[in-house]
Amino acid sequence: HGHDLRTILKRAKEKGMRMPLDLSLHIVQEVCAALEYAHRKKDDKGRRMEIVHRDVSPQNIMISFEGGVKLTDFSIAKAATKAGNTDRGAFRGKLLYMSPEQAWGRPIDRRSDIFSLGIVLYEMITDEKPFLGGATELSILEAVRQGQIDPPRQLNPRIPESLENVVMKALAPDPDERYQDAAEMHRGLEWVMREQIGRASCRERE
């Protein structure tokens, strides 16, 4: 019982509110944990299945009324051990949350999910979808393929620089320059949270 993140973000925006920073970080950390589990999943012979979700988006992140965070809808996820060549160029997932390589129809791996989660985090902390500026679906597709995104602090100067660094690393157009797995991104977010807690403690002492 709960709501998907898209619904929560929509209602917050209607009320002129923004998702609290600490809550945004917590939600994305939980999704990182879910992705790390899926990405490292092995089959009954002990082989890495190389699962890629391919549709990480606010619609597929559920928040329970008790505060639990769940990543849902693995219906288009594909394990490398079962992937066929006929699927390699197929468009899957939601365009606004696709990685550049996914938008090109190229082979993808877990780093594509990292990019998509970076888009979700970007939207949560800026209230903006970075690729929505295109007038047509074709122009949006081209923007996604280029992967050029304005730093989030240009839209929300209150965002800590350390968090902006995490977001932009997750959103690197080149997969080799991103976090290489969800656990690494989780650690980056954890460092940001500790930094923010430390600053809050200093302000309280003052």
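Conventions and cut-offs
Residues numbered from 1 in each chain as written. Predicted model: local features only at pLDDT ≥ 70, side-chain atom pairs only at ≥ 80, totals over all residues. Heavy atoms only, no water. Pairing = 2+ DSSP bridges. Helix = DSSP H or I, 4+ residues; strand = E, 2+ residues; numbered from the N terminus. Axes fitted to C-alpha atoms, helices over the stretch in contact; angles between N-to-C directions. Salt bridge = Lys/Arg side-chain N within 4 Å of Asp/Glu carboxyl O. Buried < 20%, exposed > 50% of the residue type's maximum accessible area, 1.4 Å probe, protein only. Core = buried A, V, L, I, M, F, W, Y, C linked by side-chain atoms within 4.5 Å. Contact = heavy atoms within 4.5 Å. Phe/Tyr/Trp six-rings, centres within 6.5 Å; stacked < 30°, edge-to-face > 60°. Lys NZ or Arg CZ within 6 Å of the ring centre and 35° of its normal. Polar contact = N/O pair within 3.5 Å; in protein donor to acceptor, adjacent residues only side chain to side chain. pLDDT = per-residue confidence, 0-100.

1. Here's the deal with the sheet that holds strand E2 (residues 61–64)
Reading across from one edge, E1-E2-E3 is the order of the three strands in this open sheet, with antiparallel pairing throughout. The sheet terminates laterally at strand E1 (2–4) and strand E3 (69–71), the two strands that pair on one side only. Put simply, the sheet's adjacent strands are angled 25° from each other on average, direction ignored. The pairing of E1 with E2 spans three bridges and is antiparallel. Considered in E2, the bridge of aspartate 4 is made with methionine 62.

2. What about the pattern of salt bridges?
According to the stated counting rule, one finds ten salt bridges in the structure shown. Linking aspartate 181 and arginine 40 is a salt bridge whose minimum nitrogen-to-oxygen distance equals 3.5 Å. Separated by 141 residues along the polypeptide, aspartate 181 in the loop between helix H6 (161–170) and helix H7 (182–205) and arginine 40 in the loop between helix H2 (21–39) and E2 bring together distant segments of the chain. With relative accessibility at 13%, the residue aspartate 181 sits in the buried group. Among the residues examined, arginine 40 registers a relative accessible area of 35% and is labelled partly exposed. One salt bridge in this structure joins arginine 111 and aspartate 109, with 2.9 Å as the shortest N-O distance. Accessibility expressed as a relative area gives 16% for arginine 111, which makes it buried. If you follow the salt bridges from partner to partner, you end up with Glu36, Arg40 and Asp181 in one network.

3. Looking at the nonpolar core
Membership of the largest hydrophobic core comes to 43 residues, with the highest contact counts inside it found for Ile61, Leu117, Leu163, Met185 and Leu189. Contributing elements (two or more residues each) for this core: helix H1 (5–14), H2, E2, E3, helix H4 (110–126), helix H5 (137–146), H6 and H7. Among the elements that line this core, the one with the most residues is H4, at nine residues. Beyond its immediate stretch of four places on either side in the chain, leucine 189 contacts Leu25, Val28, Gln29, Cys32, Leu121, Leu163 and Val166.

4. Details of the packing of aromatic side chains
Note on aromatic pairs: each is described by the distance of the centres and the angle between the planes. Applying the stated criterion to the full structure yields zero aromatic pairs. Above the ring of tryptophan 104, the side-chain terminus of arginine 145 is found at 4.3 Å from the ring centroid.

5. Structural notes on the environment of glutamate 184
Note that glutamate 184 resides in helix H7. A residue is classified by how much of its surface remains accessible, and glutamate 184, at 27% relative accessible area, is partly exposed. In the structure, glutamate 184 is positioned 148 residues away from glutamate 36 in sequence and 9.4 Å away in space, judged by C-alpha atoms. Residues contacting glutamate 184, with those up to four places away along its chain left out, are Lys169 and Tyr179. A distance of 2.9 Å separates a polar atom in the side chain of glutamate 184 from the backbone nitrogen of glutamine 180.

6. As for the environment of leucine 121
By secondary structure assignment, the location of leucine 121 is in helix H4. Leucine 121 gets classed as buried once you look at its relative accessible area, which sits at 0%. Placed 31 residues apart in sequence, leucine 121 and proline 152 show a C-alpha to C-alpha distance of 10.0 Å.

7. Here's the deal with the confidence of the model for the protein chain
The predicted model of the protein chain averages 87 in pLDDT, with 85% of residues at 70 or higher. In this model, residues 83–92 is a region of pLDDT below 50 whose contacts with residues beyond four sequence positions or in other chains number 18 contacts.

8. Things to note about the pairing of E2
Side chains of E2 alternate between two faces, with Ile61 and Ile63 buried and Met62 and Ser64 left unburied. Pairing of E2 with E3, which is carried by three bridges, proceeds in the antiparallel orientation. Across the sheet, residue isoleucine 63 finds its bridge partner in E3, namely valine 69. The loop that links E2 with its antiparallel partner E3 comprises four residues; one of these, glycine 67, has a positive phi angle of about 100°.

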